[in-house]
Amino acid sequence: MATFAIGDVQGCFDELRGLLEQIRFGDADRLWFVGDLVNRGPKSLHVLRFVRSLGARAVVVLGNHDLHLVTQHEGFERPRKDDSFQDVLAAPDRHELVDWLRTRPLMHASGEYVMVHAGLLPQWSIERALQLAREVEAALAGPSYREFLAHMYGSRPDRWREELAGFDRLRVIVNAMTRMRFCTAGGKMEFATKGKTPPRGYRAWFDLRAPEGRSIVCGHWSALGVQLTAHLAALDSGCVWGGKLTALRLEDRSLYQVGCQAAQTG
């Protein structure tokens, strides 16, 4: 049995199937998806149906594009011109699929690895981050989830404080775990920059964290590309932009990639 962590799929279903053929994905194997199953690529509906059908064989953490689909489905977010998940919104099983997606974890931990879509603030230990992720997961799965979705978006507050409460508290957790690339040593986040060069006064979030006993598996940052260090496995290799779709076998850190044809050109 092997566990494979897979970078941002973003609707690139054909490439996902090709990658699974390459790794010889078997009935005893498990898949970890770093989030952003949907959007920008051509087959978000196929991806959701397939990953959901895997049941316990697949673990998915929520990414910013996944949450964008959920909020659109619930009527809280306007469509963007580069959205490509209309196939999901028009599907007869859309309610079941979106409810399943909405109730995925924000963070996952097992053995020597933890997985989150974007990153973790330097102030958070892994154990503390897992506790905070559970707060958001409870809000998304609870009976008042629509109220939370209505207040989820926004870039303020832009840093963590333990005394934060209510929607401000949950919003900071979501922003760090699904949107962050750069922050300061004090935990102030910057969301405008998407390249590899940090804005003045900021650094990549993972450069500011003290090493812990487990490695963080993440995605979200296609401009960064695949980065493998003793404490980090960043796996977004820009499939939807004409790059590659990447899988990492966690047991021995073997890397697998397929080229992608489903590039968005706009």
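Residues numbered from 1 in each chain as written. Predicted model: local features only at pLDDT ≥ 70, side-chain atom pairs only at ≥ 80, totals over all residues. Heavy atoms only, no water.

1. Observations regarding the packing of aromatic side chains
Turning to step 1, where the next piece is worked out: According to the stated counting rule, one finds six aromatic pairs in the structure shown.
Turning to step 2, where the next piece is worked out: Summarising the aromatic geometry, the rings of Phe 4 and Tyr 256 are spaced 6.0 Å apart at their centres and angled 70° between planes, so their arrangement reads as edge-to-face. In this pair, Phe 4 sits in strand β1 (residues 3-6) while Tyr 256 sits in strand β13 (residues 254-259), placing the two residues 252 residues apart along the sequence. We note that Phe 4, like Tyr 256, is buried.
Turning to step 3, where the next piece is worked out: Pairing Phe 13 with Phe 50 gives two aromatic rings, centres 6.0 Å apart and planes at 70°, and the pair type is edge-to-face. Here the residue Phe 13 occupies a position in helix α1 (residues 13-22), and Phe 50 occupies one in helix α2 (residues 44-53), the gap between them amounting to 37 residues.
Turning to step 4, where the next piece is worked out: The exposure class assigned to Phe 13 is buried, which follows from its relative accessible area of 12%.
Turning to step 5, where the next piece is worked out: Through successive ring pairs, a cluster of aromatic residues spans Phe 182, Trp 205, Phe 206 and Trp 221.
Turning to step 6, where the next piece is worked out: Sitting over the ring of Tyr 145, Arg 102 keeps its end group 3.6 Å from the ring centre.
Turning to step 7, where the next piece is worked out: The ring of Phe 191 is capped by Arg 179, whose NZ or CZ atom sits 4.1 Å from the centre of that ring. (Phe/Tyr/Trp six-rings, centres within 6.5 Å; stacked < 30°, edge-to-face > 60°. Helix = DSSP H or I, 4+ residues; strand = E, 2+ residues; numbered from the N terminus. Buried < 20%, exposed > 50% of the residue type's maximum accessible area, 1.4 Å probe, protein only. Lys NZ or Arg CZ within 6 Å of the ring centre and 35° of its normal.)

2. Looking at the pattern of salt bridges
Turning to step 1, where the next piece is worked out: Across all of its chains, the model carries 17 salt bridges by this definition.
Turning to step 2, where the next piece is worked out: Between Asp 82 and Arg 40 there is a salt bridge; the shortest N-O distance is 3.1 Å. Of this pair, Asp 82 sits in the loop between α3 (64-73) and α4 (86-89) while Arg 40 is found in the loop between β2 (30-33) and α2, placing the two residues 42 residues apart along the sequence.
Turning to step 3, where the next piece is worked out: Judged by its relative accessible area of 25%, Asp 82 falls in the partly exposed class.
Turning to step 4, where the next piece is worked out: On the basis of relative accessible area, Arg 40 is assigned to the buried category, the value being 15%.
Turning to step 5, where the next piece is worked out: One salt-bridge network, held together by shared partners, links Arg 128, Glu 135, Glu 162 and Arg 169. (Salt bridge = Lys/Arg side-chain N within 4 Å of Asp/Glu carboxyl O.)

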